[in-house]
Amino acid sequence: MTETWYDSFFGTDYARFDEHPHTSEEVEFLRDVLPEKGTLLDLACGMGRHSVPLSKAGYDVIGLDRSRVLLRV
C-alpha cells in the first residue's frame, strides 16, 4: 500500500517544525465558549495542542488523529 500525501506530510518533520503561536489564545477562547465541565472530542488533534491544556483545565478530552507520529508526541 502506498502512503498518501497527508500520511507523509503529518509525520516526524511536521512534529518537529510545526508552530502555532496563538494556541493559548485559542484555548482561552474555547474555555470561554464551552461549558465549565464536560467531555470534548478533538478530531484531528495532532499533538494535542488544544487537548492537553483543556484536559489540564478539567475537561475529559478524547483526541483522535490519523497520524500515529503526532499522537505519540
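Every value quoted in this text rests on a predicted model; they were computed, and no experiment measured them.

### Remarks on the overall build of the protein chain
- Broken down by element type, the protein chain carries 5 helices and 2 strands.
- Reading the protein chain from its N end, one meets helices and strands in the order α-α-α-β-α-β-α.
- A principal-axis box enclosing the C-alpha atoms of the protein chain has dimensions of 45 × 25 × 15 Å.
- Looking at the protein chain as a whole, 21% of its 73 residues qualify as buried.
- In the structure as shown, the protein chain presents an accessible area of about 5,800 Å², 55% of it carried by carbon and sulfur atoms.
- Averaged over its 8 positive side-chain charges, the protein chain has a centre that lies 7 Å from the centre of its 13 negative ones.

### Things to note about the pattern of salt bridges
- In this structure the tally under the stated criterion is 3 salt bridges.
- Residue Asp7 pairs with Arg66 through a salt bridge whose shortest N-O separation is 2.8 Å. Taken as a pair, Asp7 in helix H1 (residues 5-9) and Arg66 in the loop between strand S2 (60-64) and helix H5 (68-72) lie far apart in primary sequence, 59 residues in all.
- Taking relative accessible area as the criterion, Asp7 reaches 27% and is therefore assigned partly exposed.
- Arg66 sits in the exposed class, given a relative accessible area of 56%.
- As a salt-bridge pair, Glu26 and Arg49 come within 3.0 Å of each other at their nearest N and O atoms. With Glu26 in helix H3 (residues 23-33) and Arg49 in the loop between strand S1 (39-43) and helix H4 (51-56), the pair connects residues that are 23 residues apart, well separated along the chain.

### Describing the packing of aromatic side chains
- This structure, assessed with the given rule, holds 5 aromatic pairs.
- For the pair Phe9 and Tyr14, a centre-to-centre distance of 5.6 Å together with 50° between the ring planes defines the contact as tilted.
- Ring plane angle 70° and centroid distance 4.8 Å describe the contact between Phe10 and Tyr14, whose orientation is recorded as edge-to-face.
- Ring pairing ties together the aromatic residues Trp5, Tyr6, Phe9, Phe10 and Tyr14, which thus form one cluster.

### What to know about the environment of Arg68
- Mapped onto the elements of the fold, Arg68 is located in helix H5.
- Sequence-wise, Arg68 and Gly11 are 57 residues apart; in three dimensions their C-alpha atoms are separated by 8.1 Å.

Definitions and limits used
Residues numbered from 1 in each chain as written. Predicted model: local features only at pLDDT ≥ 70, side-chain atom pairs only at ≥ 80, totals over all residues. Heavy atoms only, no water. Helix = DSSP H or I, 4+ residues; strand = E, 2+ residues; numbered from the N terminus. Buried < 20%, exposed > 50% of the residue type's maximum accessible area, 1.4 Å probe, protein only. Areas by Shrake-Rupley, 256 points an atom, 1.4 Å probe, with all protein chains shown as cover. Lys, Arg positive; Asp, Glu negative; His and termini not counted. Charge placed at Lys NZ, Arg CZ, Asp CG, Glu CD. Salt bridge = Lys/Arg side-chain N within 4 Å of Asp/Glu carboxyl O. Phe/Tyr/Trp six-rings, centres within 6.5 Å; stacked < 30°, edge-to-face > 60°.

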